[in-house]
Amino acid sequence: MPPVLVVSRLAKTFTMHLRGGIELPVIANAAFALHPGTCAVLGGPSGVGKSSILKMLYGNYAASSGRILVRHRGGEVDLVTAEPRTILDLRRETIGYVSQFLRVVPRVGALDIVAEPLVERGTDRRDAARRAGDLLARLNLPERLWSLPPATFSGGEQQRVNIARGFITDHPILLLDEPTASLDAANRAVVVEMIAEKKRAGVALLGIFHDVEVRNAVADVVIDVAGFAPDRKAA
Amino acid sequence: MNEFPLLSVRSVTKTYGARIGCADVNFDVWPGEVLAVVGESGSGKTTLLNCISTRLEPTAGTVSYRMRDGEMRDLYRLGEAERRFLLRTDWGFVHQNPADGLRMTVSAGANVGERLMAIGDRHYGRIRDTATDWLGRVEIGADRIDDQPRAFSGGMRQRLQIARNLVTAPRLVFMDEPTGGLDVSVQARLLDLLRGLVHDLGLAVIIVTHDLAVARLLSHRMMVMKDGRVVEHGLTDRLLDDPRAPYTQLLVSSILQV
Amino acid sequence: MNAPTYNFAYLDEQTKRMIRRAILKAIAIPGYQVPFASREMPMPYGWGTGGVQVTAAILGPDDVLKVIDQGADDTTNAVSIRKFFQRVAGIGTTTSTGDATIIQTRHRIPEQPLHEGQVLVYQVPIPEPLRFLEPRETETRKMHALEEYGLMHVKLYEDIARNGHIATTYAYPVKVEGRYVMDPSPTPKFDNPKMHMSAALQLFGAGREKRIYALPPHTEVVSLDFEDHPFEVQRFDKPCALCGAEQVYLDEVVLDDRGGRMFVCSDTDHCETRRANGFFGEMAEGGHDAQTSPLRGGRTEGPGGGEDGTNIPPPLTPPLKGEGNLSRPVAGVGSCKTSETSSFDCVAQAEGTPPGRTSSGHPPLKGEGSR
């Protein structure tokens, strides 16, 4: 199967203008590909730039140079040079993302937060809510919480809302930023199972998992980010 | 994806003698897209808003708008009648101070119904039904329909102003610090409401704000202004999470964390 | 002792020409408010200075002038203005609607249909119908220019929302020839249909606001309304108590402090003419004649009146004799006004338009005092 996402010569350098304009290179010459039905895991010690790569792949961070070619709507898009609205369309149609923390929207109930990505893509509100409910039930979030805004939920509860929101769509590419960090063993197992289902559905996944058990359970490929460390002296 | 922009702003400049209001601003807005213009007071964001909403003629540059018939028209070449018709049908303008956008001495129902009557609706019952429906959508009880906005709280007035603007199903809405004078809890409710309406109606919005949280919550794209110029422009979350212009970095690092 | 030192009809010829130019323009653009250089007149603003200037500008030596205030020829305002023109122009005057060539009016249109060649001159306090909701003159002018009249319906909407029906009873806005929205001056809306396709030329003068507007003969005049709340004129339960006329505008006359009242024609000429022709209402002197009145069919019974009305005070005896006879006490402008109020009412009153015909203390004309 051809890859759905190809990264080549990708680099990221932060320029800290508030600190005299110092340059902080974090990634250099990164290259890898994501294939349908497989789960790749970004490996390497903390601070090596795993999160930065994930964020560049979602368009959240701007790449300094290189290419991120994504198969999108039957064509190919370079995320590094894409217009903002192309990136927005990419997020709507092609690339899903489960962040580490839930960005809480005031006054919106958990069920609606989970259903929102589907509604945005045109699914009927009732169908979307039903699927959202299924996912939340599967992740063992008590039904009495569904209608409440998650601002006051515990970390684990918020994380489950976040996972459900990320998994509800059928994006062909799914980025996972430590989705199991604050979950108990039972719910971790549910997430592992859900990842396996995505793989069977042909989704290409890329994740960061600190939990070794989960990583071993889901990873088909490990991408060693330490290999993309910039030569700091050269910078 | 929609192929054509709704609004195209090219090299818009407004000077007051030697003083710059805004300079060489370029951007497009597509249907259904929310663009936030951020910057501190005096950065030229309100001048820009006025220039593109035909409230203030720019010194140079063009602003063109895709009319409902699909034709792209230069706004400053429209006739006065056409321009005013556009303003009260296809556009909305939400002022920071609701009193600037409402008729304070007529009832909430008439405030919402005015645009309908302006475009020729002459059926009282129908106008009233539509007004009731819109009051509901902005969470104002139907029992308040005959009350004047003078009797409303700040948040209610702002919601009424929004309903009054949206009743003709505009395609483009300008907002000038819509949450400006409101308490935090009231702000949150309004933001959430706006977010829902923008999404449900597929509105294109240009919102001027100095509040980055408002920009984060509502907008897809963001434009940062300083001294009348655009210093950075891009995806909202990218500008906030990976700011690159020195001024944007300063702005983002100045947010108080709760 | 001294010959009058005034120019004919008080105004100098230059001023009259200026006003005539404004009138011509107004006739050319029906319903459009033409600005003019309103002059000081020897009477206070609010007492008809606009109408007086228009009348002065169009008056010729052969004209016959009738002046009415709230429909009556015998009220202070009407008497004063008529005397004024008698003195400064030496023209003939009349109280007969049919005989007059120029009728200056405040707040009424005569019941008798006007005929070709007649001119009806209205005294207008506030010419701008949009003023109530839009205080900026620059903006209202633009709204007229661009035909943005939604605001007029906002006013009517408010009326219905507050009262369940359009409660505006006078100064009821009209659209002229499908173009300009116009304030018909504070005439009761009862009179609005009379403006439509009238054979007479109708001129409107607002002295304080310095505006003149016009309806040429046979002009379309449509009262604004909603599809589900169509325009309606006031209806009166009873005919005129003096002349038995129906489908005319009636004034309420309070007879005593025990609730006694009667309703009589607001148009005194109409009423007198009918009575002279043998029509009588239930409370007229010789009211028994009413039974033989050809139109009334002898109907004398009715709520609170007629032969069984023993608690009714004695009928009002003096038929109106003529100028200066202010024997009829009158409450309010019209019967509607006592029961229904709209903000139009309030504004008109706040504007300081003179009260009804019972008003006392009408200042003497300056011209009179000086001679």
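Residues numbered from 1 in each chain as written. Chains lettered and ligands numbered in written order. Predicted model: local features only at pLDDT ≥ 70, side-chain atom pairs only at ≥ 80, totals over all residues. Heavy atoms only, no water.

As annotated in an unreviewed UniProt entry, chain A is Phosphonate C-P lyase system protein PhnL from Kumtagia ephedrae. UniProt, in the comment section headed Sequence similarities (unreviewed entry), describes chain A in these words: "Belongs to the ABC transporter superfamily." (UniProt positions renumbered as here; feature names shortened; annotations may be inferred.)

Attention shifts here to the pattern of salt bridges. What the rule picks out here adds up to 55 salt bridges over all chains. The salt bridge involving B:Asp241 is made with B:Arg216; its shortest N-O contact spans 2.9 Å. Taken together, the residues span a long stretch of sequence, with B:Asp241 in helix H9 (residues 236–241) and B:Arg216 in helix H8 (residues 212–218) at a distance of 25 residues. Relative accessible area serves as the criterion here: at 28%, B:Asp241 is assigned to the partly exposed category. Residues C:Asp191 and C:Arg108 are paired through a salt bridge, measuring 2.6 Å at the closest nitrogen-oxygen approach. Placement of C:Asp191 in the loop between strand S7 (180–182) and helix H6 (192–195) and of C:Arg108 in the loop between strand S4 (102–106) and strand S5 (119–123) is noted, with a sequence separation of 83 residues between them. Side by side, C:Asp191 and C:Arg108 carry an identical accessibility label, which is buried. (Salt bridge = Lys/Arg side-chain N within 4 Å of Asp/Glu carboxyl O. Helix = DSSP H or I, 4+ residues; strand = E, 2+ residues; numbered from the N terminus. Buried < 20%, exposed > 50% of the residue type's maximum accessible area, 1.4 Å probe, protein only.)

With that settled, consider the domain arrangement of chain A. Residues and elements named next belong to chain A. Once the domains are mapped, chain A shows domain 1 (1–94 + 172–180 + 193–230) and domain 2 (99–170). For domain 1 and domain 2, the distance between their C-alpha centroids amounts to 24 Å. Each partner contributes to the interface: domain 1 provides 14 residues, whereas domain 2 provides 13 residues. Between domain 1 and domain 2, a total of about 1,200 Å² is buried, with carbon and sulfur atoms accounting for 52% of that surface. For the domain 1 face of the interface with domain 2, the top three residues by lost area are Pro179, Met194 and Lys198, together amounting to 43%. Joining domain 1 to domain 2, the criterion identifies three salt bridges. In this structure, the salt-bridge partner of Arg138 is Glu197, at a minimum N-O distance of 2.5 Å. Our count for the contact surface shared by domain 1 and domain 2 stands at eight residue pairs in polar contact (both at pLDDT 80 or more). Tallying contributions element by element places helix H6 (residues 185–200) first for the side of domain 1 that touches domain 2, with five residues. Residues of the side of domain 1 that touches domain 2, tallied by class, amount to six nonpolar, one polar and seven charged. (Domains from an automatic or database assignment. Contact = heavy atoms within 4.5 Å. Buried area = accessible area lost by both parts, 1.4 Å probe. Polar contact = N/O pair within 3.5 Å; in protein donor to acceptor, adjacent residues only side chain to side chain. Nonpolar A, V, L, I, M, F, W, Y, C, P; charged D, E, K, R; others polar.)

On inspection of all chains with the given rule, the structure shows 18 aromatic pairs over all chains. Measuring from centroid to centroid gives 5.3 Å for C:Tyr6 and C:Tyr10, while their planes differ by 45°, and the two rings are tilted. You can call C:Tyr6 partly exposed: its relative accessible area is 30%. With 5.1 Å between their ring centres and 70° between their planes, C:Phe84 and C:Phe85 make a pair best called edge-to-face. Looking at C:Phe84, the relative accessible area reads 7%, which means it is buried. Residue classification places C:Phe85 among the buried residues on the basis of a relative accessible area of 0%. Stacked on the ring of A:Phe14, the Lys or Arg A:Lys12 has its end atom at 4.7 Å from the ring centre. Residue placement shows C:Arg179 over the ring face of C:Tyr180; its charged tip is 4.2 Å from the ring centre. (Phe/Tyr/Trp six-rings, centres within 6.5 Å; stacked < 30°, edge-to-face > 60°. Lys NZ or Arg CZ within 6 Å of the ring centre and 35° of its normal.)

Let us look at the domain arrangement of chain C. Often, the extent of an interface is quoted as the loss of accessible area on bringing the components together. Residues and elements named next belong to chain C. What the domain assignment lists for chain C is domain 1 (13–223) and domain 2 (238–292). Averaged C-alpha coordinates put domain 1 and domain 2 at centres separated by 28 Å. Of the residues lining the interface, 15 residues belong to domain 1; the matching set on domain 2 comes to nine residues. By the criterion of area lost to domain 2, the three top residues of domain 1 are Arg108, Glu111 and Phe190, representing 46% of everything that side buries.

Right, let's get into the nonpolar core. If you look at soluble globular proteins, the nonpolar side chains tend to sit buried side by side. Counting residues in hydrophobic clusters, the biggest one holds 109 residues, and the most contacted among them are A:Val161, A:Ile195, B:Met222 and C:Tyr157. The residues touching A:Ile195, leaving out its near neighbours within four places in the chain, are A:Cys39, A:Phe167, A:Leu176, A:Leu205, A:Phe209 and A:Val218. The next biggest cluster of nonpolar side chains, apart from the first, holds 39 residues, and it includes A:Val26, A:Phe32, A:Val48 and A:Met56. (Core = buried A, V, L, I, M, F, W, Y, C linked by side-chain atoms within 4.5 Å.)

It is worth spelling out the interface of chain A and chain B at this point. Contact residues are listed per partner, giving 27 residues for chain A and 29 residues for chain B. Three residues stand out in chain A for area buried against chain B, namely A:Leu18, A:Arg85 and A:Arg107, and they jointly supply 27% of the buried area on that side. At the boundary of chain A and chain B, one finds four salt bridges. In this structure, B:Asp242 and A:Lys12 form a salt bridge, with 2.5 Å as the shortest nitrogen-oxygen distance. Between chain A and chain B we count 11 residue pairs in polar contact (both at pLDDT 80 or more) in total. Those elements giving two or more residues to the side of chain A that touches chain B turn out to be strand S1 (5–16), helix H2 (84–93) and helix H3 (110–120) of chain A. Looking at which element gives the most residues to the side of chain A that touches chain B, the answer is H2(A), with seven residues. In terms of residue class, the side of chain A that touches chain B is built from 13 nonpolar, five polar and nine charged.

Taken residue by residue, the interface counts 21 residues in chain C and 23 residues in chain B. The interface formed by chain C and chain B contains five salt bridges. For B:Arg88, the salt bridge goes to C:Glu148, with nearest N and O atoms at 2.8 Å. Linking chain C with chain B are 13 residue pairs in polar contact (both at pLDDT 80 or more). Mapped onto the side of chain C that touches chain B, the elements with two or more residues apiece are helix H4 (137–145) and helix H5 (150–163) of chain C. Sorting elements by how many residues they give to the side of chain C that touches chain B places H5(C) first, with nine residues. Residue classes in the side of chain C that touches chain B are distributed as nine nonpolar, three polar and nine charged.

Turning next to the pairing of S1(A). All names here are of chain A. Here S1 runs beside strand S4 (residues 65–72); their pairing, made up of five bridges, is antiparallel. Looking at the pairing, Val6 lines up with Leu69 of S4. As paired strands, S1 and strand S2 (residues 22–34) are joined by nine bridges and run antiparallel to one another. Of the residues in S2, the one forming a bridge with Met16 is Ile22. Between the end of S1 and the start of S2, which pair antiparallel, lie five residues, with Gly20 showing a positive phi angle near 75°. (Pairing = 2+ DSSP bridges.)

Counting along an α-helix, one turn takes 3.6 residues, and residues three or four places apart therefore face a common direction. All names here are of chain B. Most of helix H1 (residues 45–52) is tucked away: seven of the eight residues are buried. For H1, the set of buried residues is Lys45, Thr47, Leu48, Leu49, Asn50, Cys51 and Ile52. Residue Thr54 follows H1 closely and has a positive phi angle near 60°.

The seven strands are arranged S1-S9-S8-S5-S4-S2-S3 (chain C) in an open sheet whose pairing can be described as mixed. Edge positions in the sheet fall to strand S1 (34–35) and strand S3 (92–93) of chain C, since each has one partner strand and no second.

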